[in-house]
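So the chains spell out like this:
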Amino acid sequence: MIKNGHHANEDQSGEAGCNKPGASACSPEKRKRVVRLWCDGCYDMVHYGHSNQLRQAKSMGDYLIVGVHTDAEISKHKGPPVFTQEERYKMVRAIKWVDEIVEGAPYVTTLETLDKYNCDSCVHGDDITLTVDGKDTYAEVKSAGRYRECKRTQGVSTTDLVGRMLLMTKAHHSNMENTDYQLHTDNFGKGATVHSPWTGVSQFLQTSQKIIQFASGKEPQPGDTIIYVAGAFDLFHIGHVDFLEMVYKQAERAYVIVGLHFDQEVNRYKGKNYPIMNIHERTLSVLACRYVSEVVIGAPYAVGKDLLDHFKVDLVCHGKTEVFPDKDGVDPYAEPRRRGIFRTIDSGNSLTTDDIVQRIIANRLQYEARNQKKEAKEMAVFEAMKRREHQQQQEAQQDEAVAH
């Protein structure tokens, strides 16, 4: 298994087949050795917020199983997803904290599902997930005491990312105070009147601790082949995953370093409103991928002698996408080509960030309606919770008055 972006020989599968679905004959002693956890979700437009949730979940135990819903289930409860189920399955598999995925997991999480996969607990973020009729999808596991919670990642949501794509302004990734941006995200994510506490836009604040949590922290080992790739890796998607997986397979023991260009550099050669994600967001997105060992934040556009020598690069790879010249019109891969270490990789997947933006724009009204419907459901539950809390406070005050 590839673990934490590099090689790992340790067996994560537990004892005596305890991790196989339906393997219920584990002794209590053996079950104690491996804490198995369950996460589930749509994982549509997978971003570093999803990855952070799975990282937190994995830290609560030893073996993480992730259930991913089908297109039909998501359409029934939320509206049509941006990505197909096959694309979503592959994206989740590529997150380095995931040990196993279950395709077509039920939308409502039950004790039967946890028992089927021998999971001790279910882990979810501190927001709320509702069925089509407004019921909490985790109600059953919560009441059974088999529910654990992790913190939602501030500053990112699928709603927010879709809003950025639709806005099409150069400044969106660096200027969250922009009035047009705030107005658009308010209209897109919240509708005219609802203000759900579980969905919204706040600025993402990068910290060194967050990078450390995402990074593997592993140095190249003797015998590793050091492979360097560079790019924007914006809106990290299945096309990137297929490319990085193919890069990883170029050597028996690959140590893959990804060079990420600064926002201004990406905008120079991509134009329009790119990048959609800023350098800090793109760093976490790439670090979460199991095929990546290290990330260079703000890598030079030209892959020159200094970089190749510093990292002792054995191979430089690029996909089938166009190679834009440097500012001075020079091929950025001139030096690796001269050394005979440049290789073009065909991943068999031509999906680009542009393609994803076009999917969103083509279905704009559909996605806006979907998100506003989701917000309305959340607000109804939130208001009901507030009313129940107020009622409980009143009852407690009445009880106290009677006691006196």
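Residues numbered from 1 in each chain as written. Predicted model: local features only at pLDDT ≥ 70, side-chain atom pairs only at ≥ 80, totals over all residues. Heavy atoms only, no water.

As annotated in an unreviewed UniProt entry, the chain is ethanolamine-phosphate cytidylyltransferase from Poecilia mexicana. The UniProt entry for the chain carries this comment under Sequence similarities (unreviewed entry): "Belongs to the cytidylyltransferase family." (UniProt positions renumbered as here; feature names shortened; annotations may be inferred.)

Before going further, it helps to examine the packing of helix H4 (residues 85-93) against helix H10 (residues 238-248). Interaxial distance between H4 and H10 falls to 10 Å at its minimum, and their mutual angle equals 50°. Taken together, the axes of H4 and H10 lie oblique to each other. Of the two elements, H4 crosses H10, and the hand of that crossing is left-handed. Along its contact with H4, which presents Glu87, Lys90 and Met91, the element H10 presents Ile238, Val241, Asp242 and Glu245. Of the residues in the contact of H4 with H10, the class split is three nonpolar, no polar and four charged. (Axes fitted to C-alpha atoms, helices over the stretch in contact; angles between N-to-C directions. Helix = DSSP H or I, 4+ residues; strand = E, 2+ residues; numbered from the N terminus. Parallel < 35°, antiparallel > 145°, perpendicular 65-115°, else oblique. Left-handed = near helix turned anticlockwise from the far one by under 90°. Contact = heavy atoms within 4.5 Å. Nonpolar A, V, L, I, M, F, W, Y, C, P; charged D, E, K, R; others polar.)

Let us look at the pattern of salt bridges. Scanning all chains against the criterion turns up 18 salt bridges. Arg164 is the partner of Glu281 in a salt bridge, and the nearest nitrogen-oxygen pair spans 2.8 Å. One end of the pair, Glu281, is in helix H12 (residues 279-287); the other, Arg164, is in helix H7 (residues 158-167), with 117 residues separating them in the sequence. For the residue pair Glu281 and Arg164, the accessibility class agrees, reading buried in each case. Arg339 is the salt-bridge partner of Asp309, the closest N and O atoms lying 3.0 Å from each other. Here Asp309, found in helix H13 (residues 305-310), pairs with Arg339, found in helix H14 (residues 334-339); they are 30 residues apart in sequence, far enough to count as distant. (Salt bridge = Lys/Arg side-chain N within 4 Å of Asp/Glu carboxyl O. Buried < 20%, exposed > 50% of the residue type's maximum accessible area, 1.4 Å probe, protein only.)

In this section: the packing of H7 against helix H15 (residues 353-362). Closest axis-to-axis distance for the H7/H15 pair is 10 Å, and the angle between their directions is 90°. Here H15 runs roughly perpendicular to H7, going by the angle between their axes. Each of Val162, Met165 and Leu166 in H7 lies in contact with H15, whose residues at this interface are Ile356, Val357, Ile360 and Ile361. Considered class by class, the residues forming the contact of H7 with H15 number seven nonpolar, no polar and no charged.

In this section: the packing of aromatic side chains. Under the counting rule described, the total for this entry stands at seven aromatic pairs. Their ring planes at 80° and their centres at 5.2 Å tell us that Trp97 and Phe214 sit as a pair that is edge-to-face. With Trp97 in the loop between H4 and strand S5 (100-103) and Phe214 in helix H9 (residues 208-214), this pair connects stretches of sequence that are 117 residues apart. Positioned above the aromatic ring of Tyr274, the side-chain terminus of Lys270 is 4.8 Å from the ring centre. Above the plane of the ring of Phe342 lies Arg337, whose end atom (NZ or CZ) is 4.3 Å from the centre. (Phe/Tyr/Trp six-rings, centres within 6.5 Å; stacked < 30°, edge-to-face > 60°. Lys NZ or Arg CZ within 6 Å of the ring centre and 35° of its normal.)

Taken in spatial order, the five strands of this open sheet run S10-S9-S8-S11-S12, and their pairing is parallel. The strands lining the two open edges of the sheet, one partner per strand, are strand S10 (294-297) and strand S12 (342-344). Adjacent strand axes in the sheet meet at a mean angle of 25°, parallel and antiparallel pairs treated alike. The sheet contact formed by strand S9 (residues 254-260) and S10 spans four bridges and is parallel. Its bridge partner being in S10, Ile257 is matched across the sheet by Glu294. (Pairing = 2+ DSSP bridges.)

Of note, Ala302 is situated in the loop between S10 and H13. Linking Ala302 and Lys327, residues 25 residues apart in sequence, is a C-alpha distance of 9.4 Å.

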